[in-house]
Structures are given as C-alpha cells and as structure tokens.
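# Descriptive analysis of the structure
Letter by letter, the chains look like this.
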Amino acid sequence: QTPSLESRFTGTLLGLAVADGLGANFEGHAPERIAKRYRTADELIDNPPPGELWYTDDTQMMIGVAETLIERGEIDEPTLCRRFAENYLPQRGYGRGARVIIEAIQLGHDYRSLAASYFPGGSFGNGAAMRVAPVGLMFRDDPERLWQQAGVSAMPTHTHPLGIEGAQVLALAVGLASQADTLDRDVFLNTLADHCVSLEYGGPLRRASDVHRAVDIGQFGNGIEANSSVVTAIASFAFTPDSYGATIANAIMLGGDTDTIAAMAGAISGAYLGVEAIPRHLLDALEDRRQGRTYIAELATKLYEVYQSQCKVN
Ligand code: F2R
Ligand code: MG
Ligand code: MG
Ligand code: MG
C-alpha cells in the first residue's frame, strides 16, 4: 500500500534520526568488528544495542534545515546559519570544519572566509548531504529548484564542488523516492546519474545497478567525505527498497561513517516507504527530550503543511 505523503515526510525525518542514532553506536568501527557482534542485518535490527538511540550532528543539522524551510519557505542563508548556531551542541560529534564554522557564526565572525579556506578548496565532507533531506521533500516537484536549493543549503559549511554536489544528489534521491509508488532501481539510479555534473557521482551511481550482494555496496566507500558515502547510502536504499531495516542495517554493517551513511539511506527509505516502515521498537528508542522524536515528528508535519500551501500557490 502506498503511504500518504504526510507519512513520507515524517518517514524521511524520523527515518534519518533513527538511523543516525542506531549507526552512532558503530561510528568508526571496522566492518569485521560489527560482523563479530551481528551476523546478519536482521540481527542488528532485532537486537540493537540496549538503551536510548541518541542522535548526532546529522539529525541536529537536519533539524536546522527543516526549521529554516518552515520559517522561510526556502533556504535563506542567514536563517539557516542562525538555526545551526542556536541548535549547536558540540557533544553531538560535529566534523572538525563544521565545528569551527558554527562557532564563528555564533561569534558573528566571517564564517564565509573560513568555509572557503579551512580545507583547501572548501569542505567535501558529507555534512551538507547528511542534513539536506528536508530540501528534497520541499522541492520534490521541481528538480531544478531542488538542485539549486540543496546547493544553497550546503554553502555555509561546504563550498567544495564535491561537498555541494553530494548534497544535491542526496536531496534529489529523497525527492524521487517520495514520488515513487514502485521503485524501478535502474530508472532511479540513472535519473540521479543524469543530473550529476561530476563523474565522481555519476559513474558509481550507474554501477550501483549491478550490486547483487549487500557487501558489494561497500565498493562505494564508507568514509566521512561526500564522494565516499553519498552513493553508498543511495546504493543501500536501491538494493533493498522495500525494507527500511535492511537498508539501514546493510549501511551500518559496512563500518566507517555508520551514523551518516545510515542516516542518508534511512531518509531516502523513509521518503519511499513512509513512517510506518520504521520498526516500532527503534522509533520508541529514539531520544525524546527537547528536540527529540516528538519535536521531529511535529517538524515533519509543519514542513508538509508549508509544502502543501506552496503547492496551492503555484
Ligand atoms: N565528526 C564526526 N565523526 C568523527 C568523530 C565522532 C566521534 N564519535 C566523536 O564523538 O569524537 N562525525 C560527523 O562529521 C561528519 C560530517 O562532517 P562535516 O560536517 O562534513 O565536517 P567537515 O569537517 O567539513 O568535513 C569532514 C572531514 O572530511 C575531511 N575533508 C573535508 N574536506 C576536505 C578537504 N578539502 N581536504 C581534505 N579533507 C577534507 C576532513 O577530514 C574533515 O574533517 C559526519 O560523519 C558526522 O557524523
Ligand atoms: Mg501510511
Ligand atoms: Mg554524526
Ligand atoms: Mg558520521
């Protein structure tokens, strides 16, 4: 049964947060270490580490993107920077560059020069892609605008072309998944590849059609850089489109940047399958304090309402 569009919005935001919280237990681990504890993806989903799923910077920054879209109807850089600064909790485990830039924003310093120079050519970390999913929902009817807005959402922290394009591809994956009734894997991957400017993304996206075993998804990387994690997340979703649990567990079992690759894969899966596809015990385990599960679900509903009202205008 096709999920309602509101369920897809909620599934995207909560699908990202749950996967981030689960994946965070394994960030930086080698795949062999995870395989010693969990023999299969099902085992990981059925017996997650005990206790609360505490989310990381991935979800914290996605919240800032969603809040900006709700407040402004589009990505407005000053609003986005204000939200990132207000929501900033260093203990959520931010990237090195992101931390320095958000602290500069908080102090009213020139964060743009920092973003351009902290890493040579700007950052190509996966931090712009990990937070971009709400942009994919908001502009799901207009791929050109989606691509442009995803780019704007990257700019405060990620100015390297690979960092920006990673966010654009991920946003488009969320937008396309939120439209699909029955996913055609090859059409989905080729449509994404057709939009890519760089072969760094276009090439592996086309090769992702040939993945026949979960471990083969690892060929696309498990790193903290956008060009070694965004296609991995998309490929994990495309390999098991009908299971949220398998999508995020297969991503986590690759090791490395597990919170982020799972978060990106979980967002796409939630957009396709809706919130009902997220296993109840994982959803119930997601932290629920100030900006936790309840708040994220409310944000999804508000984002859906803003999206609906813009559809009526256009
Ligand atoms: N930071 C982490 N994880 C590491 C430690 C977590 C641990 N659990 C702990 O608590 O200590 N995770 C988060 O960071 C990633 C997103 O990072 P973002 O926002 O892209 O940050 P940054 O610093 O801009 O880029 C990340 C790294 O990529 C490399 N890099 C980027 N641009 C580069 C360039 N032009 N040249 C060379 N290297 C470049 C650098 O190593 C950056 O530090 C997510 O995983 C999130 O979960
Ligand atoms: Mg539904
Ligand atoms: Mg993180
Ligand atoms: Mg990470």
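Structure: above.
Note on numbering: residues in each chain are counted from 1, in written sequence order. A letter from A marks each chain and a number from 1 marks each ligand, given out in the order of writing. Two thresholds apply to this predicted model, a pLDDT of at least 70 for residue-level local features and 80 or more for giving and counting side-chain atom pairs, whereas whole-chain, interface and lining totals are computed over all residues. Only heavy atoms go into the side-chain values, all of them from the structure, while hydrogens and water stay out.

On to the overall build of the protein chain, then. Working definition: helices are DSSP H or I runs of at least four residues, strands are E runs of at least two. Numbering for both runs from the N terminus. Counting its secondary structure elements, the protein chain contains 18 helices and zero strands. At 17 Å, the protein chain has a C-alpha radius of gyration in line with the 20 Å of a compact globule built from 314 residues. Overall, the C-alpha framework of the protein chain stretches about 50 × 45 × 40 Å when taken along its three principal axes. Summary of the burial criterion: residues with accessible area below 20% of their type's maximum are buried, those above 50% are exposed, and those between are partly exposed, where the area comes from a 1.4 Å probe applied to protein chains only. A buried classification covers 61% of the 314 residues belonging to the protein chain. Note on contacts: a residue pair is in contact if any heavy atoms of the two residues lie within 4.5 Å. Nonlocal contacts in the protein chain, meaning residues at least 24 apart in sequence, comprise 73% of its contacts between residues at least 6 apart. For the accessible areas, the method is Shrake-Rupley and the probe is 1.4 Å, while residue cover comes only from the protein chains on display. For the protein chain, the exposed area adds up to about 12300 Å²; of that, 51% sits on carbon and sulfur atoms. Positive charges come from Lys and Arg alone, negative charges from Asp and Glu alone, with His and the N- and C-terminal ends not counted. Every charge is mapped onto a representative atom, which is NZ of Lys, CZ of Arg, CG of Asp or CD of Glu. Of the side-chain charges in the protein chain, 25 are positive and 39 negative, and the distance between the mean point of each set is 3 Å. For this measure, only C-alpha atoms enter the radius of gyration; the expected value for a globule follows 2.2 Å times N^0.38, where N is the number of residues.

The next thing to look at is the packing of helix α12 (residues 185-195) against helix α13 (residues 199-207). Taken N-terminus to C-terminus, the directions of α12 and α13 make an angle of 165 degrees; their axes are 8 Å apart at the nearest point. Classified by the interaxial angle, the pair formed by α12 and α13 is roughly antiparallel. Where α12 crosses over α13, the two elements pack in a sense that is left-handed. The segment α12 lies against α13, with L189, N190, L192, A193 and D194 engaging G202, L205 and R206. Gly falls in the polar group here, along with every residue not listed as nonpolar (Ala, Val, Leu, Ile, Met, Phe, Trp, Tyr, Cys, Pro) or charged (Asp, Glu, Lys, Arg). In terms of residue class, the contact of α12 with α13 is made up of four nonpolar, two polar and two charged. Note on geometry: axes are C-alpha line fits, over the in-contact stretch for helices, and angles between N-to-C directions span 0 to 180 degrees. Working rule for angles: under 35 degrees goes down as roughly parallel, over 145 as roughly antiparallel, 65 to 115 as roughly perpendicular, anything else as oblique. Working rule for handedness: look at the near helix, and if it is turned counterclockwise from the far one by less than a right angle, call the crossing left-handed; if clockwise, right-handed.

Position of T10 relative to the elements: it lies in helix α1 (residues 5-23). Dropping the residues within four chain positions of it, T10 is found in contact with G15, V275, A297 and A300.

All of the protein donors around the magnesium ion (ligand 3) are T56 (OG1), D57 (OD), D58 (OD) and D259 (OD); their distances to the metal are 2.1 to 2.3 Å. Sites may look incomplete, because water is not among the atoms used; the donor set itself consists of N, O and S atoms within 2.8 Å of the metal (3.2 Å for Na, K and Ca). In the primary structure, the donors to the magnesium ion (ligand 3) are separated according to the pattern T-D-D-x200-D. The distance between the magnesium ion (ligand 3) and the magnesium ion (ligand 4) comes to 3.6 Å, and D259 binds to both of them. Linking D57 in helix α4 (residues 57-72) with D259 in helix α16 (residues 258-273), this pair joins segments that are 202 residues apart in sequence. Here D57 matches D259 in class, with each residue buried.

Turning our eyes to something else, we now look at the nonpolar core. Remark: nonpolar core denotes a set of buried residues (Ala, Val, Leu, Ile, Met, Phe, Trp, Tyr, Cys) joined through side-chain atoms within 4.5 Å. Of all hydrophobic cores here, the largest spans 104 residues; its most connected members are L170, F188, Y201, L205, I234 and I268. Leaving out residues up to four positions away in the same chain, Y201 has contacts with L162, E165, G166, V169, C196, A226, N227, V230 and V231. Ranked by size, the runner-up nonpolar core spans seven residues in total, among them C81, I101, A104 and Y111.

Glancing now at the environment of Y201. Tracing the backbone through its elements, the reader meets Y201 in helix α13. By relative accessible area, which is 0% here, Y201 ends up buried.

Since its relative accessible area comes to 1%, D259 is described here as buried. In sequence terms D259 and I248 are 11 residues apart; their C-alpha atoms lie 9.4 Å from each other. The term polar contact refers here to a pair of N or O atoms within 3.5 Å; inside protein, the definition further demands a hydrogen-donor-capable atom paired with an acceptor-capable atom, and it admits residues adjacent in sequence only when both atoms are side-chain atoms. Side chain to side chain, D259 and T260 meet in a polar contact 3.1 Å long.

What a helix is expected to span follows from its residue count: subtract one and scale by 1.5 Å. In this model α16 runs 21 Å from its N-terminal to its C-terminal C-alpha over 16 residues, within 8% of the 22 Å that 1.5 Å per residue would give. Burial analysis of α16 places 16 of its 16 residues in the buried class, which makes it a mostly covered element. G274 occupies a position one or two residues after α16 and carries a positive phi of about 85 degrees.

This part is about the site of ligand 1. Residues are labelled near a given molecule or strand when at least one of their non-hydrogen atoms is within 4 Å of it. Close to ligand 1 lie 23 residues, the nearest being G97, S123, H158, D257 and D259. The contact in question runs from an oxygen atom of ligand 1 to an N or O atom on the backbone of G95, over 3.5 Å. Backbone polar atom of G97 to an oxygen atom of ligand 1: 2.7 Å apart, as the coordinates give it. When ligand 1 is considered free in solution it has 920 Å² of accessible area, and contact with the protein chains removes 72% of it. When atoms are counted within 2 Å of each cavity's grid points, the one that captures over half of ligand 1 is the largest pocket. Secondary-structure elements contributing two or more residues to the shell around ligand 1 are α4, α6 (96-106), α8 (127-130) and α16. Per-element tally for the shell around ligand 1: the top contributor is α6, with three residues. A 1.4 Å probe that fits but cannot get out identifies a cavity on a 1 Å grid over protein atoms alone, an open set with protein on both sides within 12 Å along at least five of seven lines counts as a pocket, and a residue lines either if it has an atom within 4 Å of a point. For a molecule to be placed in a cavity or pocket, more than half of its atoms must lie within 2 Å of the grid points of that cavity or pocket.

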